[in-house]
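Tertiary structure, described
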Amino acid sequence: MRYFLDTEFDGVGGRLISLALVPEDGGEELYVVIAGEATEAWVQRHVMPYLDTVPEPLRSPHLSRRDAAETVSQWLANDHAIEIVADWPEDLAQFSMLLVIAPGDMVAMNPLTLRLVRIGGFSCAANSEVPHNALHDARALRKHIMTHLE
């Protein structure tokens, strides 16, 4: 299945703050927040206040990085044809690095494909119900691709 990805992170190359995967079929979504504070002023103002602006069933305690990785692994465990789609390279990099849990070790993961889609003139945040919230931005990406690029 194809999943639309968005992440929030603490500045370019900074720590992963949150991650969302929204399936193409409109089914169960995944949203995880990793415990910690932001150091970048822009992130403190535009991302951190909106981390919990998601529907109640998707809210969860802020997780350790390892627990977030395990959550992603378990959530994708039954899919054997995973395609992760993002519109920004760092989203794919952050997702990939989350899977690494120790030197030379990663969470269990079925084979997957990462796909970067360049969408001129489109911004997840500008089209999102709650800009700079990974879940709402991933939903905006899904809607745009499914509506305009399919």
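The text that follows walks through the structure, step by step, so that each part is easy to find. Not measured: the values here are computed from a predicted model.

Observations concerning the packing of helix 2 (residues 65–76) against helix 3 (residues 89–98)
- Taken N-terminus to C-terminus, the directions of helix 2 and helix 3 make an angle of 95 degrees; their axes are 9 Å apart at the nearest point. Comparing the axis directions of helix 2 and helix 3 gives the class roughly perpendicular. The segment helix 2 lies against helix 3, with R65, A68, A69, V72 and L76 engaging F95, M97 and L98.
- Class assignment of the residues belonging to the contact of helix 2 with helix 3 gives a composition of 7 nonpolar, no polar and 1 charged.

So, the nonpolar core
- Formed by 23 residues in total, the largest nonpolar core has its most connected members in L21, V72 and F95.
- Of all elements in the fold, only strand 1 (2–9), strand 2 (16–23), strand 3 (30–33), helix 2, strand 4 (82–86) and helix 3 reach the threshold of two or more residues within this core.
- It is helix 2 that contributes the most residues to this core, 4 residues altogether.
- Residues within four places of V72 in sequence aside, it is in contact with L19, L21, L30, F95, L98, L99 and M109.
- With 14 residues, the next largest nonpolar core counts A20, A38, V43 and A138 among its residues.

Considering helix 3
- Here helix 3 has its buried residues at E90, D91, L92, Q94, F95 and L98.
- Elements in contact with the buried residues of helix 3: strand 1, strand 2, helix 2, strand 4, strand 5 (100–102) and strand 7 (112–116).

Thoughts on unusual backbone geometry
- Its identity is not glycine, yet H132 carries a phi of approximately 65 degrees, on the positive side.
- Mapping H132 onto the fold places it in the loop between strand 7 and helix 4 (134–148).
- Overall, the relative accessible area of 21% leaves H132 in the partly exposed class.

Considering the side chain of D91
- Tracing the backbone shows D91 in helix 3.
- Buried within the structure, D91 lacks any salt-bridge partner; its nearest side chain of opposite charge belongs to R118, at an N-O separation of 11 Å.
- With near-sequence residues (within four places) excluded, D91 lies in contact with L5, D6, T7, F9 and A86.

Some remarks on the sheet that holds strand 1
- The sheet built from 5 strands is open, its strands ordered 3-2-1-4-7 with mixed pairing. Looking along the sheet, the strands with just one partner apiece sit at the ends: strand 3 and strand 7. Taken pair by pair, the neighbouring strands of this sheet meet at an average axis angle of 20 degrees, ignoring direction.
- Sheet topology places strand 1 next to strand 2; 7 bridges connect them, and they run antiparallel. Its bridge partner being in strand 2, L5 is matched across the sheet by L21.
- Contacts from helix 3 reach strand 1, strand 2, strand 4 and strand 7, with the element oriented near 90 degrees to strand 1.
- Where helix 4 meets the sheet, its contacts fall on strand 1, strand 2, strand 3 and strand 4, and the angle it forms with strand 1 comes to roughly 140 degrees.

Quick notes on helix 2
- For helix 2, built from 12 residues, the straight-helix expectation of 16 Å at 1.5 Å per residue is met to within 8% by its first-to-last C-alpha distance of 17 Å.
- Along helix 2, the residues classified as buried are A68, A69, V72, S73 and L76. The buried residues of helix 2 occupy one face: seen down the axis, they fall within an arc of 135 degrees.

A word on the pattern of salt bridges
- Overall, the coordinates contain 5 salt bridges when judged by the stated rule.
- The salt bridge partner of E70 is R66, with a shortest N-O separation of 3.9 Å. Placement of the pair is E70 and R66 together in helix 2, with a separation of 4 residues, close to one helical turn.
- Across the pair R115 and E83 runs a salt bridge, and its minimum N-O distance is 3.5 Å. With R115 in strand 7 and E83 in strand 4, this pair connects stretches of sequence that are 32 residues apart.

Rules and cut-offs
- Residues numbered from 1 in each chain as written.
- Predicted model: local features only at pLDDT ≥ 70, side-chain atom pairs only at ≥ 80, totals over all residues.
- Heavy atoms only, no water.
- Axes fitted to C-alpha atoms, helices over the stretch in contact; angles between N-to-C directions.
- Helix = DSSP H or I, 4+ residues; strand = E, 2+ residues; numbered from the N terminus.
- Parallel < 35°, antiparallel > 145°, perpendicular 65-115°, else oblique.
- Contact = heavy atoms within 4.5 Å.
- Nonpolar A, V, L, I, M, F, W, Y, C, P; charged D, E, K, R; others polar.
- Core = buried A, V, L, I, M, F, W, Y, C linked by side-chain atoms within 4.5 Å.
- Buried < 20%, exposed > 50% of the residue type's maximum accessible area, 1.4 Å probe, protein only.
- Lys, Arg positive; Asp, Glu negative; His and termini not counted.
- Salt bridge = Lys/Arg side-chain N within 4 Å of Asp/Glu carboxyl O.
- Pairing = 2+ DSSP bridges.
- Expected span 1.5 Å × (residues − 1).
- Arc of directions from axis to C-beta.

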